[in-house]
Number of protein chains: 2
Amino acid sequence: MFKKICILGCGLIGSSILRAINKNKLSKENSVFDKSKKVLDFLKKEKLSSEVTDDIQLAVKNADLIIISTPLSSYAELISLIKNDLKAGVILTDTGSVKKEINKVIENSKLKNIHWIASHPIAGTEESGPEAGFADLFKNRWCILSANNQVAKDKIEILERFWSKLGSKVKLMSFEDHDYVLSLTSHLPHAVAYSIVRTAINNEDKFKNDVIQYSAGGLRDFTRIAASDPLMWKDIFIDNSDYILKVLDNYSKNLDEIKNAVKNKDSKKLLEIFSSTKKVRKEIIEAGQDTKKPDFGRK
Amino acid sequence: MFKKICILGCGLIGSSILRAINKNKLSKENSVFDKSKKVLDFLKKEKLSSEVTDDIQLAVKNADLIIISTPLSSYAELISLIKNDLKAGVILTDTGSVKKEINKVIENSKLKNIHWIASHPIAGTEESGPEAGFADLFKNRWCILSANNQVAKDKIEILERFWSKLGSKVKLMSFEDHDYVLSLTSHLPHAVAYSIVRTAINNEDKFKNDVIQYSAGGLRDFTRIAASDPLMWKDIFIDNSDYILKVLDNYSKNLDEIKNAVKNKDSKKLLEIFSSTKKVRKEIIEAGQDTKKPDFGRK
């Protein structure tokens, strides 16, 4: 499908893409850049790529698909390092969780003769690092592509095919809409999960162990999300701050509604609130986005 | 272990206890009361008990263990109906999620010659009704017992043994401590889950489908909890209102901390917040309260 694919940054996502490329034979050769010696050693040991290097210019050379899979805050520096070493006509994509700001970064760097199409695979686990990656991570998950109007349609189609081969369902969305939808489905849940876990553990020592022991009553579901990579999430909250603040305000209003109903012991209102959310889960399961097994099938 | 066990209310929890009693042969006979014809028909069809009735006085007659497994708001009426039909020396317990208020209800009803020991099995799924029950629901889960000082130790030990036979680990806790710990580990997570799902779906129609489609980025974890039984949760929020309001205030402070860090684009603070919660998950897994598989082992 490609002569040479280059992956910049090889953590959970980058290494999962690499494994999927190898498994599905999507390129004749590939290269991986990472600045961490530990990551490079792991990739060499596992023989995941023939070209494993901390020389970013070398890595991107002759690549016809480059996938940036580093934290959002690193894009500006990274682009400045590779801008003079890109093959003419290369497709440049990424895997970042926020799009509007990084699109500005790429636009401002005035790259010539390249096709910039952003990707966001909605996939991941609470684990980090290349050891945690696996080829099937993208299977049956969505991948959202965003591109400016002037980008050639056939290049977008090539990238769509690439993600399809990794098992993903692909959808096109504007940079703006992407950031808003994800602020609701992903960034808000993370803000909330971090807050709730902090509330539960910032506690008198007397109850610390009890909170851990009895977490099966609900808390444990949130600790999964709150165990995600801190550096990645710091960048997301900075890059998508406008939408995140907006949805946090809406969220606070919904929480106040519950608070007031509890204060007033308003059974009718509480029942109304608690009944309103039941059918969303059914819709998510019908959309194939979660398992219908009770308790996520946990034993 | 008992001559006759009586279960009052046979939903997810009651029917799971019934199945576990049958499986482990913990009584010579048992009886089940439920006011729903549909539930009674199901129990008869599945032959889960030889005595299935909507006559509560008949159900409790001669029982030496009675387990109340109905919504918290029904206890007062239920106790008034059975108070003259209890066998002398019966152990009376329940499975409710809040303890202080229902303890008052039982104390005020001045039952004579009975042993009141509250139980709270920390187990359940997002499903409701007797069809959803299963005998292993309590396996490796905690069950918290609470009793006043004057309750005979040997009776508490009998109830401890009963829950152990169902596979649970048992802990004694005061009514007060129970309600505080559970407000953190269970009631706060539920308040938050309902709010977040309402925020995400109370949306312009334009994005409604997108929110469902891309829920794998975090939202879907919350929809499980927000699909729990509304009637049960309404009662919990009424009965434990003091602690719930207290922990919601602490939670709002933690959320404001994130909000302010986002507003000020304070990377250092965000990184500190997001790093602080990572080890809680590890502790929960080490305590055997969750699976260590990424994504809860979901496919």
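Residues numbered from 1 in each chain as written. Chains lettered and ligands numbered in written order. Predicted model: local features only at pLDDT ≥ 70, side-chain atom pairs only at ≥ 80, totals over all residues.

Draft legend 1. Representation of the overall build of chain A in the model. From N to C terminus, chain A includes 13 helices and 9 strands. In terms of overall dimensions, chain A is globule-like: its C-alpha atoms have a radius of gyration of 21 Å, near the 19 Å expected for 299 residues. Referenced to the eigenvectors of the C-alpha coordinate spread, the extents of chain A come out at roughly 65 × 40 × 35 Å. Residue burial in chain A is summarised as follows: out of 299 residues, 51% are buried. (Helix = DSSP H or I, 4+ residues; strand = E, 2+ residues; numbered from the N terminus. Rg over C-alpha atoms; globule rule 2.2 N^0.38 Å. Buried ≥ 20, exposed ≤ 12 C-beta atoms within 10 Å, placed from the backbone.)

Draft legend 2. Focus on unusual backbone geometry. Residues and elements named next belong to chain B. A positive phi angle is found at Lys25, which is not glycine, with a value near 50 degrees. Within the secondary structure, Lys25 is located in the loop between α1 (12-24) and β2 (27-33). On the basis of neighbour count, Lys25 is assigned to the exposed category, with 9 C-beta atoms found within 10 Å. Phi is positive for Asn140, close to 65 degrees, though the residue is something other than glycine. In this structure, Asn140 sits in the loop between β7 (118-121) and β8 (142-146). Judged by C-beta crowding, with 13 C-beta atoms within 10 Å, Asn140 ranks as partly exposed.

Draft legend 3. Region of the structure containing the environment of B:Glu29. All names here are of chain B. Position of Glu29 relative to the elements: it lies in strand β2. In this structure the C-alpha to C-alpha distance between Glu29 and Asp242, which are 213 residues apart in sequence, comes to 41 Å. If we skip the residues at most four places from it in the chain, Glu29 touches Lys4, Ser50 and Glu51. (Contact = placed C-beta atoms within 7 Å.)

Draft legend 4. View of the domain arrangement of chain A. Residue and element names in this part refer to chain A. The domains assigned to chain A are domain 1 (2-173) and domain 2 (177-292). Using only C-alpha atoms to locate each centre, domain 1 and domain 2 end up separated by 30 Å. Each partner contributes to the interface: domain 1 provides 16 residues, whereas domain 2 provides 17 residues. Listed by contribution, the elements that provide at least two residues to the side of domain 1 that touches domain 2 are α5 (100-108) and β8 (142-146). With 3 residues, α5 is the single largest residue contributor to the side of domain 1 that touches domain 2. Here the residues of the side of domain 1 that touches domain 2 sort into 6 nonpolar, 6 polar and 4 charged. (Domains from an automatic or database assignment. Nonpolar A, V, L, I, M, F, W, Y, C, P; charged D, E, K, R; others polar.)

Draft legend 5. Molecular detail of the relation of the copies chain A and chain B. You can overlay chain A on chain B at an RMSD of 0.0 Å; the transform is a turn of 180 degrees with a shift of 0.0 Å along its axis. Taken together, the rotation angle and the small translation identify this as a two-fold axis. With an isologous cut-off of 70% or more, the 100% of interface residues of chain A that recur at the interface of chain B puts this contact in the isologous class. (Least-squares fit on C-alpha atoms with pLDDT ≥ 70 in both.)

Draft legend 6. A look at helix α6 (residues 153-165) of chain A. All names here are of chain A. Spanning 13 residues, α6 covers 18 Å between terminal C-alpha atoms, matching the ideal 18 Å at 1.5 Å per step. Taken together, the buried positions of α6 are occupied by Leu159, Phe162 and Trp163. Seen along its axis, α6 keeps its buried residues to an arc of 90 degrees; they face one direction. Facing away from the buried surface of α6 by more than 90 degrees, the exposed residues are Lys153, Asp154 and Glu157. On its buried side, α6 packs onto β5 (90-94), β7 (118-121), β8 and β9 (169-172). (Expected span 1.5 Å × (residues − 1). Arc of directions from axis to C-beta.)

Draft legend 7. Main features of the interface of chain A and chain B. Each side of the interface is counted separately: chain A has 87 residues, and chain B has 87 residues. By residue number, the principal contributor to the side of chain A that touches chain B is helix α7 (residues 175-201) of chain A, which donates 19 residues. The class makeup of the residues in the side of chain A that touches chain B is 48 nonpolar, 21 polar and 18 charged.

Draft legend 8. Just the nonpolar core, in detail. Membership of the largest hydrophobic core comes to 183 residues, with the highest contact counts inside it found for A:Leu8, A:Ile66 and B:Ile66. Other than its neighbours up to four places away in sequence, A:Leu8 contacts A:Phe33, A:Ile56, A:Ala59, A:Ile66, A:Ile67, A:Ile68, A:Ser69, A:Thr70 and A:Leu78. (Core = buried A, V, L, I, M, F, W, Y, C linked by C-beta atoms within 7 Å.)

Draft legend 9. Quick peek at the sheet that holds β7(B). Residues and elements named next belong to chain B. In spatial order, the strands read β7-β8-β9; together these 3 strands make up an open sheet with mixed pairing. One side of each edge strand has no neighbouring strand; the edge strands of this open sheet are β7 and β9 (169-172). For this sheet, the mean inter-axis angle between neighbouring strands, taken without regard to orientation, is 25 degrees. The strands touched by helix α6 (residues 153-165) are β7, β8 and β9; relative to β8, the strand with the most contacts, the crossing angle is about 165 degrees. (Pairing = 2+ DSSP bridges. Axes fitted to C-alpha atoms, helices over the stretch in contact; angles between N-to-C directions.)

Draft legend 10. Fine view of the packing of helix α4 (residues 75-82) of chain B against helix α5 (residues 100-108) of chain B. Residue and element names in this part refer to chain B. The interhelical angle for the contact between α4 and α5, taken along N-to-C directions, is 25 degrees, at an axis separation of 10 Å. Classified by the interaxial angle, the pair formed by α4 and α5 is roughly parallel. Every pair of crossing elements has a handedness; the one defined by α4 and α5 is right-handed. Side by side, α4 and α5 meet where Tyr75, Ala76 and Ile79 of the first sit next to Ile102, Val105 and Ile106 of the second. Taken together, the residues of the contact of α4 with α5 break down into 6 nonpolar, no polar and no charged. (Parallel < 35°, antiparallel > 145°, perpendicular 65-115°, else oblique. Left-handed = near helix turned anticlockwise from the far one by under 90°.)

Draft legend 11. Highlighting the sheet that holds strand β1 (residues 2-8) of chain B. Residues and elements named next belong to chain B. One open sheet holds the 6 strands; their spatial order is β3-β2-β1-β4-β5-β6, and the pairing between them is parallel. With partners counted over all chains shown, the strands left at the sheet margins are β3 (51-53) and β6 (114-116), one partner each. Between one strand axis and the next, the sheet turns through 15 degrees on average, direction left out of account. Pairing between strand β5 (residues 90-94) and β6: 3 bridges, direction parallel. Of the residues in β6, the one forming a bridge with Val90 is Ile114.

Draft legend 12. Layout of the environment of A:Glu29. Residues and elements named next belong to chain A. Residue Glu29 is classed as partly exposed on the basis of its C-beta count, with 14 C-beta atoms lying within 10 Å. Glu29 sits 190 residues away from Leu219 along the chain, and the two C-alpha atoms are 45 Å apart. Discounting chain neighbours no more than four positions away, the residues touching Glu29 are Lys4 and Ser50.

Draft legend 13. Seen up close, the pairing of strand β1 (residues 2-8) of chain A. Residue and element names in this part refer to chain A. Counting buried positions over the 7 residues of β1 gives 5, a clear majority of the element. Here β1 runs beside strand β2 (residues 27-33); their pairing, made up of 6 bridges, is parallel. Each residue of the ladder has a partner; that of Phe2, found in β2, is Ser27. Between the parallel elements β1 and β2, the chain passes through helix α1 (residues 12-24) in a crossover that is right-handed. In this structure, β1 lies alongside strand β4 (residues 65-68), joined through 4 bridges in parallel fashion. Across the sheet, the residue bridging to Ile7 is Ile67, located in β4. (Right-handed = clockwise from strand over helix to strand, strands pointing away.)

Draft legend 14. Molecular detail of the confidence of the model for chain A. Mean pLDDT for chain A: 94, with 99% of residues reaching 70 or above. Among the prediction metrics, the complex's ipTM stands at 0.91, with pTM recorded as 0.91. (pLDDT = per-residue confidence, 0-100.)

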